[in-house]
Amino acid sequence: MTGDLEEFPVVPSGFKVHLQELIFETRQDSSRVARFRFVMPIIGQEGITFDSVAGDFDVLCASHAVPALRNAEEDVDQVIISLADRETEFGVISSVATQYFEAYSIENDACIWEGF
């Protein structure tokens, strides 16, 4: 599923980031979600806050999530982009990992920020 995504996408912050995994899920209300789980080791270090990487989410959605969904011919109701400082197991709480999330809907190949 992730073969067309760059190993290290270029993001506005300039920090290294890579895709850990892409997960598709169907919620209890039958809505479909695509979770793009990225790892950016520098987040959570001193001086690196959410604001340091906030602009990266829109770029990862538009430049990576939208093309991946199109290539996979997947129609989803929501895209969640996450950044973590380390690889984590999905759904398992980690008291040591720093993680940031943003949510989007996709309309006409455009990412619409939903905000948490």
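Data block above holds the structure.
Residues numbered from 1 in each chain as written. Predicted model: local features only at pLDDT ≥ 70, side-chain atom pairs only at ≥ 80, totals over all residues. Heavy atoms only, no water.

Enquirer: Would you explain the overall build of the protein in this entry?
Expert: Scanning the protein from terminus to terminus reveals one helix and five strands. Reading the helices (α) and strands (β) of the protein from amino to carboxyl end gives β-β-α-β-β-β. The dimensions of the protein, computed from C-alpha atoms along their principal axes, are 40 × 30 × 25 Å. Within the protein, the proportion of its 116 residues that are buried is 38%. Within the protein, contacts between residues separated by at least 24 positions form 56% of all contacts whose residues are at least 6 apart in sequence. Summed over its atoms, the accessible surface of the protein is roughly 6,700 Å², and 47% of this surface lies on carbon and sulfur atoms. Charge separation in the protein, taken as the distance between the mean sites of 7 positive and 21 negative side-chain charges, equals 4 Å. (Helix = DSSP H or I, 4+ residues; strand = E, 2+ residues; numbered from the N terminus. Buried < 20%, exposed > 50% of the residue type's maximum accessible area, 1.4 Å probe, protein only. Contact = heavy atoms within 4.5 Å. Areas by Shrake-Rupley, 256 points an atom, 1.4 Å probe, with all protein chains shown as cover. Lys, Arg positive; Asp, Glu negative; His and termini not counted. Charge placed at Lys NZ, Arg CZ, Asp CG, Glu CD.)

Enquirer: I would appreciate a short explanation of the state of the cysteines in the present structure.
Expert: Note on terminology: disulfide describes a covalent bond linking the sulfur atoms of two cysteines. One pass over the structure, following the stated rule, counts one disulfide. Across a sulfur-sulfur distance of 2.1 Å, Cys 61 and Cys 111 are joined as a disulfide pair. Residues Cys 61 and Cys 111 are joined through a disulfide that is left-handed, its torsion about the S-S bond being -95°. One end of the pair, Cys 61, is in helix H1 (residues 50-72); the other, Cys 111, is in strand E5 (residues 110-113), and 50 residues separate them in sequence. (Disulfide = S-S within 2.5 Å.)

Enquirer: Would you mind going over the pairing of strand E1 (residues 18-26) with me for this structure?
Expert: Of the pairings in the sheet, the one linking E1 to strand E2 (residues 32-39) comprises eight bridges and is antiparallel in character. Within the sheet, the bridge partner assigned to Glu 25 lies in E2 and is Val 33. Counted between consecutive antiparallel strands, the loop separating E1 from E2 contains five residues, among which Ser 30 sits at a positive phi close to 75°. (Pairing = 2+ DSSP bridges.)

Enquirer: Explain the environment of Val 53 here, please?
Expert: Position of Val 53 relative to the elements: it lies in helix H1. We classify Val 53 as buried; its relative accessible area is 0%. Apart from residues lying up to four places away in sequence, Val 53 is in contact with Ser 13, Phe 15, Met 40, Ile 43, Leu 83 and Tyr 100.

Enquirer: Would you mind showing me how to read the nonpolar core here?
Expert: As a rule of thumb, nonpolar side chains are buried together in soluble globular proteins. Of all hydrophobic cores here, the largest spans 23 residues; its most connected members are Phe 36, Phe 38, Val 79, Ile 81 and Leu 83. Mapped onto this core, the elements with two or more residues apiece are E1, E2, H1, strand E3 (78-84) and strand E4 (99-107). In terms of residue count, the dominant contributor to this core is H1 (seven residues). (Core = buried A, V, L, I, M, F, W, Y, C linked by side-chain atoms within 4.5 Å.)

Enquirer: Just to check I follow, could you spell out the pairing of E5 for this structure?
Expert: Regular strands show a simple pattern: their side chains alternate between the two faces of the sheet. Here E4 runs beside E5; their pairing, made up of four bridges, is antiparallel. What sits directly across from Ser 105, in E5, is Ile 112. Connecting the antiparallel pair E4 and E5 is a turn made up of two residues, with Asn 108 showing a positive phi of about 55°.

Enquirer: Just to check I follow, could you spell out the pattern of salt bridges for this structure?
Expert: Pairs can form between side chains of opposite charge whenever their charged atoms are close. Overall, the coordinates contain five salt bridges when judged by the stated rule. One salt bridge in this structure joins Arg 35 and Glu 25, with 2.3 Å as the shortest N-O distance. Remark: Glu 25 occurs in strand E1 and Arg 35 occurs in strand E2; sequence separation between them is ten residues. Relative accessible area serves as the criterion here: at 17%, Arg 35 is assigned to the buried category. Its relative accessible area of 22% is what places Glu 25 among the partly exposed residues. A salt bridge links Asp 109 to Arg 70; the nearest nitrogen and oxygen atoms lie 3.3 Å apart. Remark: Arg 70 occurs in helix H1 and Asp 109 occurs in the loop between E4 and E5; sequence separation between them is 39 residues. Residue Asp 109 is classed as partly exposed on the basis of its relative accessible area, which comes to 46%. (Salt bridge = Lys/Arg side-chain N within 4 Å of Asp/Glu carboxyl O.)

By themselves, these figures tell us nothing about what the structure is for.
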